[in-house]
Amino acid sequence: MNVCRVRILDIPVDVINKKRAEKKVEQMLMENKSHTIIAINPEKVIAARHDSTLKEALENADLLLPDGAGLVWAARIFGYNGIQRIPGADFMENICKIGARRNCGVFIYGSREEVNRKATQILQKRYPRLRIAGRCHGYIDEEKMDELIEMINASGAIVLFVALGSPKQEKWMMKYLPRLNKVRICQGIGGTLDTLAGYSKRAPKWIQYLQAEWFYRLLREPWRIKRQKALIQFAKLVLKEKAR
């Protein structure tokens, strides 16, 4: 299934909705090769403009989820219709549902040990048929990375979730995915495990519906103001590009 890929401020993003993204995952699972799924938002667009390695990871991704109301707004500003916001945290669970139905082994890598363990337990309860092949916290020294790669390969996992935060997880995926001989889908999930485990609270559903989750996070975590400045910069650059 072909996906329409466009560029916002010279950074790629897929014009896609959740239903088509799920079909893309089904297709990926049938192909005998590895695929990367990355959620992209305005903050990541701004970061990638100044980080060539991150940009390369985005360029090479097989599916770029439009995660962020600002990104959807920008796409529509440029006339790219048919795009729908797909939060990476939500899409992880969509993949889990598909994995449970297909009996795919899943490996969960990243975050603190207690967060990883609790989130894994919650996913297992939520999707009883999901086969969790293995898990590992995210505090692995570089000299022990070979052991982690061997662990993932030995688990037989077909789906790998990487929760290291951006841009670390994107760079990890680009570097190590070629060595994972059984993984067909690798998704970067950022702080999703913290949310699953209850250490970080998502906005109520009505705020998510209004696509104001960013504002809710800012109210709860004022230190995010520095990160939210990227949203203002993003909007200015989009409007400037549109004016051209």
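Predicted, not measured: the structure shown is a model, and the values here were computed from it. (Residues numbered from 1 in each chain as written. Predicted model: local features only at pLDDT ≥ 70, side-chain atom pairs only at ≥ 80, totals over all residues. Heavy atoms only, no water.)

1. As for the sheet that holds strand β7 (residues 159-163)
Where strands meet in a sheet, backbone hydrogen bonds hold them as pairs that are either parallel or antiparallel. Selection rule: Note on pairing: DSSP must find at least two bridges between two strands before they are called paired. Think of it this way: any DSSP run of H or I at least four residues long counts as a helix, any run of E at least two long counts as a strand, and we number them from the N terminus. Axes here mean lines fitted to C-alpha atoms, for a helix over just the part in contact, with angles spanning 0 to 180 degrees between N-to-C directions. By definition, residues are in contact when any of their heavy atoms lie within 4.5 Å.
Read across the open sheet, the six strands follow the order β4-β3-β8-β7-β5-β6; overall the sheet is parallel. Two strands lie at the open edges of the sheet, namely β4 (63-66) and β6 (131-136), each paired on one side alone. Ignoring which end each strand starts from, the neighbouring axes of this sheet average 20° apart. In this structure, strand β5 (residues 105-110) lies alongside β7, joined through five bridges in parallel fashion. In the strand pairing of β7, Ile 108 is matched with Phe 161. Each of β5, β6 and β7 touches helix α7 (residues 145-155); the most contacted strand, β5, lies at about 160° to it.

2. Examining the pattern of salt bridges
For clarity, the cut-off: Definition used for salt bridges: Asp or Glu carboxyl oxygen within 4 Å of a side-chain nitrogen of Lys or Arg. Throughout this description, buried means an accessible area under 20% of the type-specific maximum (1.4 Å probe, protein chains only), exposed means over 50%, and partly exposed covers the range between.
Under the criterion given, the structure shown has 17 salt bridges. Residues Asp 10 and Arg 7 are paired through a salt bridge, measuring 3.0 Å at the closest nitrogen-oxygen approach. Judged by relative accessible area, which is 43%, Asp 10 ranks as partly exposed. Taking the relative accessible area as the measure of exposure, Arg 7 reaches 35% and is therefore partly exposed. Arg 244 is the salt-bridge partner of Glu 241, the closest N and O atoms lying 3.4 Å from each other.

3. Observations concerning the side chain of Asn 94
Put simply, the rule is: Polar contacts here mean pairs of N or O atoms no more than 3.5 Å apart (in protein, one a potential hydrogen donor and the other a potential acceptor; neighbouring residues in sequence count only if both atoms are side-chain atoms).
With respect to the helices and strands, Asn 94 occurs in helix α5 (residues 88-102). A polar contact is formed between the side chain of Asn 94 and the side chain of Glu 22, at a distance of 3.2 Å. Those residues in contact with Asn 94 that sit more than four places away from it in its chain are Lys 18 and Glu 22.

4. Regarding the nonpolar core
Rules: Nonpolar cores were defined as sets of buried Ala, Val, Leu, Ile, Met, Phe, Trp, Tyr and Cys residues, with membership established by side-chain atoms within 4.5 Å.
Ranked by size, the top nonpolar core spans 41 residues in total, and within it Tyr 109, Leu 160, Trp 172 and Phe 234 carry the most contacts. Ranked by size, the runner-up nonpolar core spans 32 residues in total, among them Leu 63, Met 92, Ile 98 and Leu 196.

5. Quick notes on the pairing of strand β2 (residues 11-15)
The side chains of a regular strand alternate between both faces of the sheet. Taken across its five residues, β2 has five buried, putting it largely inside the fold. The alternating pattern of β2 places Ile 11, Val 13 and Val 15 on one face and Pro 12 and Asp 14 on the opposite face, and all of these are buried. Taken together, the five bridges between strand β1 (residues 4-8) and β2 define a ladder with antiparallel strand orientation. Following the sheet pairing, Arg 5 is matched in β2 by Asp 14. The antiparallel pairing of β1 with β2 creates a hairpin that spans two residues between the two strands, and Leu 9 there sits at a positive phi of about 55°.

Don't take any of this as a statement about function, it's just geometry.
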